[in-house]
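So the chains spell out like this:
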Amino acid sequence: CPSAPYDFDLLSCGKDEMTICWKAPKFTSGRKILGYFLDQHDPEDVPWKDVNHEPIQERIYKVEGLTEGHFYEFRARALNSAGVGKMSEPSDLYKCEEWTMPEPGPPYDVRCREVRDTTLMIHWENPVYTGGNSVTGYLVEACEEGSGNWKRINETAIPD
């Protein structure tokens, strides 16, 4: 069975809904992930609740029917042909409140496509929340593992 999904992020938030994403398990035994099962938890309620009963195919999901002003955390399990894997650690707590900021939300699913001696080719998905405008460019930062020192890679925004 696959290991646990990890690294949840909030991509967009409405009055009673949140769009979240997560990263695929690091260990799959070489088997394709067939979907994900997602749980939600409002700390004001004791039990965790299932979000879906059928596997979610993507690593992004809009959770609906939430209560404005409440905090929620999420966790997930991956499914492959061997079965349902380990439960993830809970996400951070996210407050359910409609985003109205003019800036876009975060890009997501950042991944390396190609690694060479001195370069990386990275790819990401466009923000779900755009702030009501189209995204015109991206500023990229990098941090050497363990240093905590982020440095901007590009001086001017790149279009994609």
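Let us look at the structure shown here. (Residues numbered from 1 in each chain as written. Predicted model: local features only at pLDDT ≥ 70, side-chain atom pairs only at ≥ 80, totals over all residues. Heavy atoms only, no water.)

Turning next to the overall build of the protein chain. Assigned secondary structure in the protein chain consists of zero helices and twelve strands. When its helices and strands are written in sequence order, the protein chain yields β-β-β-β-β-β-β-β-β-β-β-β. Across the 160 residues of the protein chain, 33% fall into the buried class. For the protein chain, restricting intrachain contacts to residue pairs at least 6 apart in sequence, the fraction spanning at least 24 positions comes to 53%. Here the protein chain displays about 10400 Å² of accessible surface, and carbon together with sulfur accounts for 48% of that area. Each charge class in the protein chain can be summarised by its mean position, and for the 17 positive and 28 negative side chains these summaries are 6 Å apart. (Helix = DSSP H or I, 4+ residues; strand = E, 2+ residues; numbered from the N terminus. Buried < 20%, exposed > 50% of the residue type's maximum accessible area, 1.4 Å probe, protein only. Contact = heavy atoms within 4.5 Å. Areas by Shrake-Rupley, 256 points an atom, 1.4 Å probe, with all protein chains shown as cover. Lys, Arg positive; Asp, Glu negative; His and termini not counted. Charge placed at Lys NZ, Arg CZ, Asp CG, Glu CD.)

For the rest of this paragraph, the subject is the pattern of salt bridges. What the rule picks out here adds up to nine salt bridges. Between arginine 111 and aspartate 109 there is a salt bridge whose closest N-O contact spans 3.0 Å. (Salt bridge = Lys/Arg side-chain N within 4 Å of Asp/Glu carboxyl O.)

Attention shifts here to the state of the cysteines. By definition, a disulfide links the sulfur atoms of two cysteine residues through a covalent bond. Evaluated as defined, the whole model comprises zero disulfides. Cysteine 21 takes part in no disulfide bond, and the closest cysteine sulfur, belonging to cysteine 13, lies 14 Å away. (Disulfide = S-S within 2.5 Å.)

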